[in-house]
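Below, each chain spelled out in residue letters.
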Amino acid sequence: MHARSARPRRVEKAEPSDRGPHKEGFTLVELMVVIVIIGLLATVVAINVLPSQDRAMVTKARADIATLEQAIETYRLDNLDFPDDLQALVAAPATLASPDRYRPGGYVRRLPEDPWGEPYRYRRPSAHGGPFDVYSYGADRKEGGEGNDADLGNWQT
């Protein structure tokens, strides 16, 4: 048999990372504080960015309307009359009096949609005193409205 030594066993010294409150990692409270701060920052960013998106959409619609208005005016100069619809800016209409006057390739490559996914509208004669209207119903896709839902047209420039 082996005789047991009477000498006490040696106990390893505890490392600081093994002791109670000094463990590595984050506490639940620390994680919650970080999550709340990230949430607040996200809210501030959203509040500042979303109105910018609305303004960008209105600016794009106004730019598209100006482009279509210019194409309609060029069509009128070439063909001595206004188009019956916006499709006449892309392809020569069959009812054109002098097809040879129609610009090769059309007046726009394609008809854009407004930023809200709807086609731009064309009305002749104008309801606002000009020779024609090019317009979008805005975010609500209905006639009339205020703010982001307001109609946007060439009569506003």
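J.: With reference to specific residues and values, describe the overall build of the chain.
T.: From N to C terminus, the chain includes one helix and three strands. Along the chain, from the amino end to the carboxyl end, the secondary structure elements read α-β-β-β. Burial statistics for the chain: of 157 residues in total, 24% are counted as buried. A fraction of 38% describes how many contacts in the chain between residues 6 or more apart in sequence connect residues 24 or more apart. Accessible area for the chain stands at about 11900 Å²; split by element, carbon and sulfur atoms hold 56% of it.

J.: Kindly report on the environment of Y122, identifying the contributing residues and their values.
T.: Relative to the elements of secondary structure, Y122 occurs in strand β1 (residues 121-123). Considering only alpha carbons, one finds Y122 and V134, twelve residues apart in sequence, at a separation of 4.7 Å. A polar contact of 2.8 Å, which involves the side chain of Y122, links it to the backbone oxygen of P83.

J.: Describe the pattern of salt bridges, listing the residues and the values that go with them.
T.: When the charged atoms of two side chains with opposite charge come close together, those side chains can pair. Counted under the stated rule, the structure contains five salt bridges. Of the charged contacts in the structure, one is a salt bridge between D64 and K60, with a shortest N-O distance of 2.5 Å. Remark: K60 and D64 occur in helix α1 (residues 28-79); sequence separation between them is four residues, near one turn of the helix. The buried category is assigned to D64, whose relative accessible area is 14%. R123 serves as the salt-bridge partner of D133, at 3.1 Å between the closest nitrogen and oxygen. Here D133, found in strand β2 (residues 133-136), pairs with R123, found in strand β1; they are ten residues apart in sequence, far enough to count as distant. Since its relative accessible area comes to 24%, R123 is described here as partly exposed.

Conventions and cut-offs
- Residues numbered from 1 in each chain as written.
- Predicted model: local features only at pLDDT ≥ 70, side-chain atom pairs only at ≥ 80, totals over all residues.
- Heavy atoms only, no water.
- Helix = DSSP H or I, 4+ residues; strand = E, 2+ residues; numbered from the N terminus.
- Buried < 20%, exposed > 50% of the residue type's maximum accessible area, 1.4 Å probe, protein only.
- Contact = heavy atoms within 4.5 Å.
- Areas by Shrake-Rupley, 256 points an atom, 1.4 Å probe, with all protein chains shown as cover.
- Polar contact = N/O pair within 3.5 Å; in protein donor to acceptor, adjacent residues only side chain to side chain.
- Salt bridge = Lys/Arg side-chain N within 4 Å of Asp/Glu carboxyl O.

These figures come from the coordinates and say nothing about function on their own.
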